[in-house]
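Descriptive analysis of the structure
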Amino acid sequence: MNPIMQAAAFTEHQRQQREAFALTRLRDELLKHKVHAELRDNDSALVIHRPGGAGLPMWVFVGYGGAYCSW
């Protein structure tokens, strides 16, 4: 792997770590309020389950350069 490819892979890894950290922080805050949420897909998404299992879950992703979450 050439140095440019190594730098790109390292940058991508750092981005994935930042996104996973943001989703982990969101999950932890939701759990404090007794909202069932769990990390999925190699920590790239957060799934939030509705109380009592009714309806569809909500999926949360980090987007817009890491500045926002989308669902």
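Scope of this entry: the structure provided in the associated data block.

Before going further, it helps to examine the pairing of strand β2 (residues 45–48). Residues A45 and V47 of β2 are buried on one face, and the alternating residues L46 and I48, pointing to the opposite face, are buried as well. Where strand β1 (residues 37–40) meets β2, four bridges bridge the pair, whose relative direction is antiparallel. Considered in β2, the bridge of R40 is made with A45. Joining the antiparallel neighbours β1 and β2 is a turn of four residues, in which D41 adopts a positive phi near 50°. The pairing of β2 with strand β3 (residues 58–63) spans three bridges and is classified as antiparallel. Opposite I48, over in β3, you have M58 as the bridge partner.

Here we have four strands laid out as an open sheet, ordered β1-β2-β3-β4, and antiparallel in their pairing. Lying at the two open borders of the sheet, with one neighbouring strand each, are β1 and β4 (68–70). For this sheet the average axis-to-axis angle between neighbouring strands, irrespective of direction, equals 30°. Packing against the sheet, helix α1 (residues 3–32) makes contact with β1, β2 and β3, and its axis sits at approximately 165° to β1.

Here we take up α1. Here α1 spans 44 Å end to end across 30 residues, near enough to the 44 Å set by a 1.5 Å rise per residue. All of the buried residues in α1 are E19, A20, L23 and L30. Each element contacted by the buried residues of α1 is listed here: β1, β2 and β3. Phi for K34, located one or two positions after α1, is positive at around 60°.

Conventions we followed
Residues numbered from 1 in each chain as written. Predicted model: local features only at pLDDT ≥ 70, side-chain atom pairs only at ≥ 80, totals over all residues. Heavy atoms only, no water. Buried < 20%, exposed > 50% of the residue type's maximum accessible area, 1.4 Å probe, protein only. Helix = DSSP H or I, 4+ residues; strand = E, 2+ residues; numbered from the N terminus. Pairing = 2+ DSSP bridges. Axes fitted to C-alpha atoms, helices over the stretch in contact; angles between N-to-C directions. Contact = heavy atoms within 4.5 Å. Expected span 1.5 Å × (residues − 1).

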